[in-house]
Amino acid sequence: MTYIDAINDALQYEMERDSSVFLIGEDIGAFGGAFKATKGLYQRFGKDRVIDTPITEAGLVGAAIGASLFGYRPVAEMQFSDFITNAFNQLVTVAATTAYRWGLPVPIVVRCPSGAGISGGPFHSRNPEVWFVHQPGLKVVCPGTPEDAKGLLISSIRDNSPVLFFEHKRLYRSLKSEVPSGEYVVPLGKAKTARIGKDLSLITYGGTLPLAVEVAEAFAKEGKADIEVIDLRSLVPLDLEAILSSVRKTSRVLVLHEDNLTAGFGAELVALITEHAFEALDAPVKRLASFDSPVPFAPDLEREVLPSVRSVGSAVEELLDY
Amino acid sequence: MTKAELIVAYENMLLAREFDHAMINLYRQSKIVGGVYAQIGNEASSVGTAMALQEGDIIFPMHRDNGAHFVRGMTPREMAINFLFRRGSITRGTDGTGHFADPEKKIYGNVSHLGAMVPVAVGAALAQKLSKSGFVVLNYIGDGGASVGEVHEGLMMASVQQLPFVLVIENNQYAYSTPVAAQTHNPRFSDRAIGYGIPGVTVDGTDIEAVFSATSQAIEFARAGNGPTIIETTTMRMRGHAEHDPFDYVPKELLEEWDRKDPVLRTATLLLNKGASESELTSMQQQAKSEIEEAVAYANTLPAPDAAEAFKNVFFQ
């Protein structure tokens, strides 16, 4: 099953199971969504459960929040994660503070097709996850495999906090794997060891997971190093224990993400690792991320700013040689 | 309105006015933190609109709408405990003024970005439509907040989905220091309804009967499945934006003009015309004053919230 089919499967499964789940977004109805994540769901569940809206990102996220106060579990779709800027206030001001101020759950999920590598240009390529990590009260989930896309989405829908769910759109149809049918839950806050290794911890999530695994396999094949790949799966909640236990085993750490570098999630990871496992380190913790710029449109330029097999490989070499 | 309805209106308007006076006094004595956003001049709007709701209907009031809170069952004690940030407050001390929710009373307050609450209230109305509950959502915004883009987005959704939603625009002439003339080229806020293809009406917000009647019609229109309405209530903010504000930017003549239309006095006159006696009115006034005094005194006996509250419920537990 592809990554996007896994998302569709999770939505359908939860909608069958729980009549309080409905979908709300732009062009998600009969059209099936810009990426076809909701394909067939309008036909199956009707217009009251797959709700097409005007172009109102704040309006539709606000509506999801409002409906969630009355027993519903809405799943909102951003057509592209870039457009979440239009709904920023609803998420950080309203959704994130409601439990703290009112003692009420806000069980909404906002699905965000994110990431670069498709020549989407500056406004269809962003990875905005860290903006929401900084706001207390929001959960942030970034699946990197089809089975996690399903299992984490089901957990997110069942969660009583607002969840930002970042789906990397380059993975939508490029990744295919076995996905369990029916009930399949992957808990939030549990990292996965995507590849067991002993020489270096490569910590990543979402769109750069396949890249991390590819580099690790290449190093193993060439007999250069045995790299452990940690897939965080969710940034909030964060599985700090899994991170530290890998770091203590390998003593060398590369943190990788597709979001740009400065004040990205990698900065938080480096801080946590040096605070909690400084004595275990044999080299400074290294970050690799996109160049600090808007994501450029031309494929040749876009390739330059994104992490690549070559840039990840050299960062690994540098750490191993330290 | 019947005499009985007018009595309810008058009692709640008095509570709102007395509560404002009590909070202003505490502010002047530095016994209250944060802002005190009085609604003096606006009581007929908040009370008259809220009285048009039926049991089970839902209200999203603004920070100034104390009158609406009292109508929907908040007690002076509950209000005082929250304003005075005491242990046992409905927000546990996490947020002040009217920023609270009480699902049992179907009250959902606001965030300071008032325009942001319109899409949320519209979502509450969507939930009523989906569940076929038959309940209506009443939401408020001011002349200032009405400029915010999220208000437009909420109304787009409410109108296209024909949701059971009523938006009251309390036009109290000033957004902080900015007069309506500097906010909009069209000072008739209800005209905005035309763009959404929904009814819009402007009523004198100091006239309790006009407010009650317009809101009752809009609510029944919404309940019958005919979609949203915008009601503009024209009032005057007779105090500053909050009590720190000397509001010297408001011409004295304007305040005098609106003072002659004081909604509490106007309602008293209506009651006298319905056969109420001066002594009945005086006893209602004394009753409201003593209820508020008792509530504030009670709140003052309570300790501050437990410090551990600061760390709880960032995520719903």
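Residues numbered from 1 in each chain as written. Chains lettered and ligands numbered in written order. Predicted model: local features only at pLDDT ≥ 70, side-chain atom pairs only at ≥ 80, totals over all residues. Heavy atoms only, no water.

The next thing to look at is the overall build of chain A. Scanning chain A from terminus to terminus reveals eleven helices and twelve strands. Compactness check: chain A gives a C-alpha radius of gyration of 19 Å against a globular reference of 20 Å for 322 residues, within 12% of the reference. Evaluated residue by residue, chain A yields a buried proportion of 62% over its 322 residues. For chain A, contacts bridging at least 24 residues in sequence account for 83% of all contacts bridging at least 6. Working note: accessible area of chain A is about 11900 Å², and carbon and sulfur atoms make up 54% of it. The averaged location of the 41 negative side-chain charges in chain A is 3 Å from the averaged location of its 31 positive side-chain charges. (Helix = DSSP H or I, 4+ residues; strand = E, 2+ residues; numbered from the N terminus. Rg over C-alpha atoms; globule rule 2.2 N^0.38 Å. Buried < 20%, exposed > 50% of the residue type's maximum accessible area, 1.4 Å probe, protein only. Contact = heavy atoms within 4.5 Å. Areas by Shrake-Rupley, 256 points an atom, 1.4 Å probe, with all protein chains shown as cover. Lys, Arg positive; Asp, Glu negative; His and termini not counted. Charge placed at Lys NZ, Arg CZ, Asp CG, Glu CD.)

So, about helix α10 (residues 263-273) of chain B. Residue and element names in this part refer to chain B. For α10, the set of buried residues is Pro263, Val264, Thr267, Ala268 and Leu271. Taken around the axis of α10, the buried residues stretch over an arc of 140°, which confines them to a single face. In α10, the exposed positions that point more than 90 degrees away from the buried face belong to Leu265 and Asn273. Those residues of α10 that are buried lie in contact with α1 (3-28), α2 (43-50), α8 (208-223) and α11 (278-301). Glycine 275 occupies a position one or two residues after α10 and carries a positive phi of about 100°. (Arc of directions from axis to C-beta.)

With that out of the way, let us pick up empty space enclosed by the protein. All names here are of chain A. Going through the model one piece at a time under the given rule, you end up with four cavities of 30 Å³ or more. Taken as a whole, the largest cavity holds about 90 Å³ of empty space. Around the largest cavity, the lining residues are Ser114, Asn127, Glu129, Cys142, Phe166, His168, Tyr205, Gly206, Gly207, Thr208, His257 and Glu258. Listing elements by their share of the lining of the largest cavity, those giving two or more residues are β6 (163-168) and β11 (253-260). (1 Å grid on protein atoms, 1.4 Å probe; cavity = no way out; pocket = protein on both sides within 12 Å on 5 of 7 lines; lining within 4 Å. Points joined across faces, edges and corners; volume = space filled by probe spheres on them.)

Another aspect to go through is the confidence of the model for chain B. Summarising the model, chain B shows a mean pLDDT of 97, and 100% of its residues fall at 70 or more. The ipTM for the predicted assembly is 0.97, set against a pTM of 0.98. (pLDDT = per-residue confidence, 0-100.)

Moving on, we come to the pairing of strand β8 (residues 200-204) of chain A. Residue and element names in this part refer to chain A. A large share of β8 lies buried, amounting to five of its five residues. Every second residue of β8 is oriented toward a common face, with Leu200, Leu202 and Thr204 on one face and Ser201 and Ile203 on the other, all of them buried. Of the strand pairs in this sheet, β8 and strand β9 (residues 227-231) are connected by five bridges, and their pairing is parallel. Directly across from leucine 202, in β9, lies its bridge partner valine 229. Read as a crossover between parallel neighbours, the route from β8 over helix α7 (residues 209-221) to β9 is right-handed. Two elements, β8 and β11, share three bridges in a ladder whose sense is parallel. Note on β11: the bridge partner recorded for isoleucine 203 is valine 255. (Pairing = 2+ DSSP bridges. Right-handed = clockwise from strand over helix to strand, strands pointing away.)

This brings us to the pattern of salt bridges. Residues and elements named next belong to chain A. A full pass over the atoms with the stated rule returns 36 salt bridges over all chains. Between glutamate 183 and arginine 158 there is a salt bridge, with its nearest N and O atoms 2.8 Å apart. Taken together, the residues glutamate 183 in the loop between β6 and β7 (192-195) and arginine 158 in helix α6 (residues 146-158) connect sequence positions 25 residues apart. Assessed through its relative accessible area of 43%, glutamate 183 is described here as partly exposed. The exposure class assigned to arginine 158 is partly exposed, which follows from its relative accessible area of 26%. Through salt bridges that share partners, Glu14, Arg17, Arg158 and Glu183 make up one connected network. (Salt bridge = Lys/Arg side-chain N within 4 Å of Asp/Glu carboxyl O.)

So, on to the packing of aromatic side chains. Residue and element names in this part refer to chain B. The tally for this structure, following the rule as stated, stands at 16 aromatic pairs over all chains. With a centroid separation of 5.7 Å and 45° between ring planes, the pair formed by tyrosine 174 and tyrosine 249 is classed as tilted. Of this pair, tyrosine 174 sits in strand β6 (residues 174-175) while tyrosine 249 is found in the loop between β9 (229-234) and α9 (252-259), placing the two residues 75 residues apart along the sequence. Sitting over the face of the ring of tyrosine 298, arginine 77 holds its NZ or CZ atom 3.7 Å from the ring centroid. Here lysine 261 stacks its cationic end above the ring of tryptophan 258, 3.9 Å away from the centre of that ring. (Phe/Tyr/Trp six-rings, centres within 6.5 Å; stacked < 30°, edge-to-face > 60°. Lys NZ or Arg CZ within 6 Å of the ring centre and 35° of its normal.)

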